[in-house]
Amino acid sequence: MFFRTDFFRTKRSAFLRYFETIPESIEILSENNFSEYNNKKKDTPFIKKATVKIQDSSNIANSEILDRIKLEINEKTDNKNKKSNIEYDIYNGNDKLANISYIQNKDTIGLFSEDVVRGYICVDNNDLQRIINDTNGTKYVLPNQVNFGNVEKILEISKNEKNKIAKVCKNLSDDVPNTAYTKERNNQVTINNKIYTGTAYTLTLNPAENAKLEEALLTQVSQNSILMDCITSKAKLIGFDNEYSSINDLNKLMKDKITELQQKPDSAGNLQIKIHEFKQQNIETEINVDNINIVIQHVKSDADEYSSIQIGDEKFSVQKTGNYYTFGYTNEKEDESIIIDYSQTGSVENNDIKNSMTIKHNSGIKRITYLYNDEIDFTKDTLEKHGAVSEETAYE
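None of the values given here were measured: they were computed from a predicted structure.

**With respect to helix 1 (residues 11–19)**
Since there are 3.6 residues in each turn of an α-helix, residues three or four apart along the chain are aligned in direction. Looking at helix 1, one finds that the buried residues are Arg12, Ala14, Phe15, Leu16, Tyr18 and Phe19. Check the buried side of helix 1 and you find it contacts helix 6 (159–169), helix 7 (171–174), strand 7 (181–191), strand 8 (194–205), strand 9 (271–278) and strand 10 (281–289).

Laid out in structure tokens, this is it:
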């Protein structure tokens, strides 16, 4: 009864039990279902032929014109040696409107379009922020290096790192009074248009209590080399600047925040974390801190799985049914949404992988739907045998 129910658990114990399961909501993004395919793409050169067409539209332009627009993509990539050559051809019916070439050779990337320049415009994928800063006050935000990594590396957490995170989370148990936890039965939440009735466990802290908790968390993390390395390495993969991707810079940022919390506890603001339990599962976590609202949802059954995260007006979601995925993005404030239906057929063994997507983009009264299809051909030949641009040509 203790392990399968919450009958013997205190409100604190039940809250912590479900709080620790929050990372499960992003496991849907792991590459397990496509691991063989993705590993093959990492280790073996491949040729991809793809097409993008407009299926339908409204309130954008004459549909008879848009229906004739087509994009053809011919890609040759060798991820192991960091080489790639992609040709984008844009057609209006049978007439080619434009051609754009993309190349990558190690850390050199370049673009070419004969309608714009006579040769490739190339940059080294290093110190990119300096280039932006040199453009006379331009306010673009760009990482120093664009990382062509994958979701798997970003989500990957070692057993040792998980243990360290669990110890940090003990602060929620050790440094928070019992009165901060509440329990609400017959609580209802709506997830993916379905209503769930369960129990809600809430942690509520005033600014002083929240400041004490934040100080304890930051102190413990900043003094743990394993966690600091974990945070900065993930930040670097995502593309954050040195403030978060450098251990020394991040350590200084944390120490400055600790000092601020000690001198101005009210700056921490109120904190409320509300966890919704349904059949012994955390299906929704709502976090409100300093006027920032974050909602994480995750429901799973034998047939499908759904996860979403909403930060303010923006919401990202993914639903999985077998090998079929639906990715979603909505921005309530801007009245904008993107829905992508994705599926894959074939197998690596038979070398007949095909990917298909239907992309629906809504912006106010404007609606447009794209159809994407590709075929992947894995080859043992090097990329140069297929006409990839050499490093010398790129620099020329």
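**Topic: the environment of Thr197**
Here Thr197 is to be found in strand 8. Owing to a relative accessible area of 39%, Thr197 belongs among the partly exposed residues under this scheme. Each C-alpha atom, one on Thr197 and one on Arg185, is 8.6 Å from the other, the two residues being twelve residues apart in sequence. With near-sequence residues (within four places) excluded, Thr197 lies in contact with Asn186, Asn187, Gln188 and Phe278. A distance of 3.3 Å separates the side chain of Thr197 from the side chain of Gln188, its partner in a polar contact.

**Topic: the pattern of salt bridges**
Taken as a whole, this structure holds eight salt bridges when the rule is applied. When the shortest N-O distance is used, the salt bridge between Glu75 and Lys48 registers 3.3 Å. A residue pair is termed long-range when its members are at least 10 positions apart, and Glu75 in strand 2 (residues 69–78) and Lys48 in strand 1 (residues 46–58) qualify at 27 residues. With respect to burial, Glu75 and Lys48 carry one shared label: buried. Linking Glu260 and Lys257 is a salt bridge whose minimum nitrogen-to-oxygen distance equals 3.8 Å. With Glu260 and Lys257 both in helix 11 (residues 247–263) and three residues apart, the pair spans about one turn of that helix. Judged by relative accessible area, Glu260 falls into the partly exposed class, the value being 32%. Judged by its relative accessible area of 27%, Lys257 is partly exposed.

Rules of the game
- Residues numbered from 1 in each chain as written.
- Predicted model: local features only at pLDDT ≥ 70, side-chain atom pairs only at ≥ 80, totals over all residues.
- Heavy atoms only, no water.
- Buried < 20%, exposed > 50% of the residue type's maximum accessible area, 1.4 Å probe, protein only.
- Helix = DSSP H or I, 4+ residues; strand = E, 2+ residues; numbered from the N terminus.
- Contact = heavy atoms within 4.5 Å.
- Polar contact = N/O pair within 3.5 Å; in protein donor to acceptor, adjacent residues only side chain to side chain.
- Salt bridge = Lys/Arg side-chain N within 4 Å of Asp/Glu carboxyl O.

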